[in-house]
Amino acid sequence: MSYHVSDNFALGFYLSAGGGFLGAFKPYNEYDKFYGVFKLSAGLLMEFGDMNNKPYILGIAPCTGIGYVDMDLVLPVEVRFGRLFSNNWYVMGGFSYGISLAKETRSFEPAIHIGYNFGHKAK
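Residues numbered from 1 in each chain as written. Predicted model: local features only at pLDDT ≥ 70, side-chain atom pairs only at ≥ 80, totals over all residues. Heavy atoms only, no water.

(A) Geometry of unusual backbone geometry. Even without a glycine there, the phi angle at Lys54 is positive, about 55°. A relative accessible area of 40% places Lys54 in the partly exposed class. Backbone geometry at Cys63 places phi at a positive 65°, although glycine is not the residue there. Position of Cys63 among the secondary structure elements: in the loop between strand 4 (56-62) and strand 5 (65-69). (Buried < 20%, exposed > 50% of the residue type's maximum accessible area, 1.4 Å probe, protein only. Helix = DSSP H or I, 4+ residues; strand = E, 2+ residues; numbered from the N terminus.)

Next up, the structure:
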């Protein structure tokens, strides 16, 4: 969701949830090398360019979320970038780094996100 600040700039937020599996490069032991992952994040969303003609999108989430990697609580730091490819659908590339609160796990995730824009709110 974003709100127009000017004719070429909109500011808003995003919510994201996901899960999956993670494999370790340097496992603790040979039986413990694959982990379950769950993440919920929220971030600041900015749109640049012509708002009526597929604007560019930038999203930043500085530790505004929660994640679990092998039952270790992590705070995700995310950066996303992309563009609307239709009136409401968008595609974004992104990078996420998980900061472990127990200082046990480090994770770096490149990702591709496909999402739905719920629309612009007028000034």
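Anyway, onward from the coordinates.
(B) Representation of the pattern of salt bridges in the model. A complete count under the given rule lists three salt bridges for this structure. The shortest N-O distance in the salt bridge between Glu78 and Lys39 comes to 3.0 Å. Placement of the pair is Glu78 in strand 6 (residues 72-84) and Lys39 in strand 3 (residues 34-48), with a sequence separation of 39 residues. Judged by its relative accessible area of 15%, Lys39 is buried. Connected through shared salt-bridge partners, Lys39, Glu78, Arg80 and Glu109 make up one network. (Salt bridge = Lys/Arg side-chain N within 4 Å of Asp/Glu carboxyl O.)

(C) Spatial organisation of the layout of surface pockets. Estimated volume of the largest pocket: approximately 500 Å³. Breaking the lining of the largest pocket down by element, the ones donating at least two residues are strand 2 (9-23) and strand 8 (106-116). Here the element with the most residues in the lining of the largest pocket is strand 8; it accounts for three residues. Residues that form the lining of the largest pocket fall into these classes: six nonpolar, three polar and five charged. (1 Å grid on protein atoms, 1.4 Å probe; cavity = no way out; pocket = protein on both sides within 12 Å on 5 of 7 lines; lining within 4 Å. Points joined across faces, edges and corners; volume = space filled by probe spheres on them. Nonpolar A, V, L, I, M, F, W, Y, C, P; charged D, E, K, R; others polar.)

(D) Summary view of empty space enclosed by the protein. Inspection of every chain in the model, using the stated rule, returns one cavity of 30 Å³ or more. Looking at the largest cavity, its volume works out to about 70 Å³. Lys39, Val69, Val74, Ser107 and Glu109 are the residues nearest the centre of the largest cavity, which is lined by 13 residues in total. Mapped by element, the contributors of at least two residues to the lining of the largest cavity are strand 3, strand 5, strand 6, strand 7 (89-100) and strand 8.

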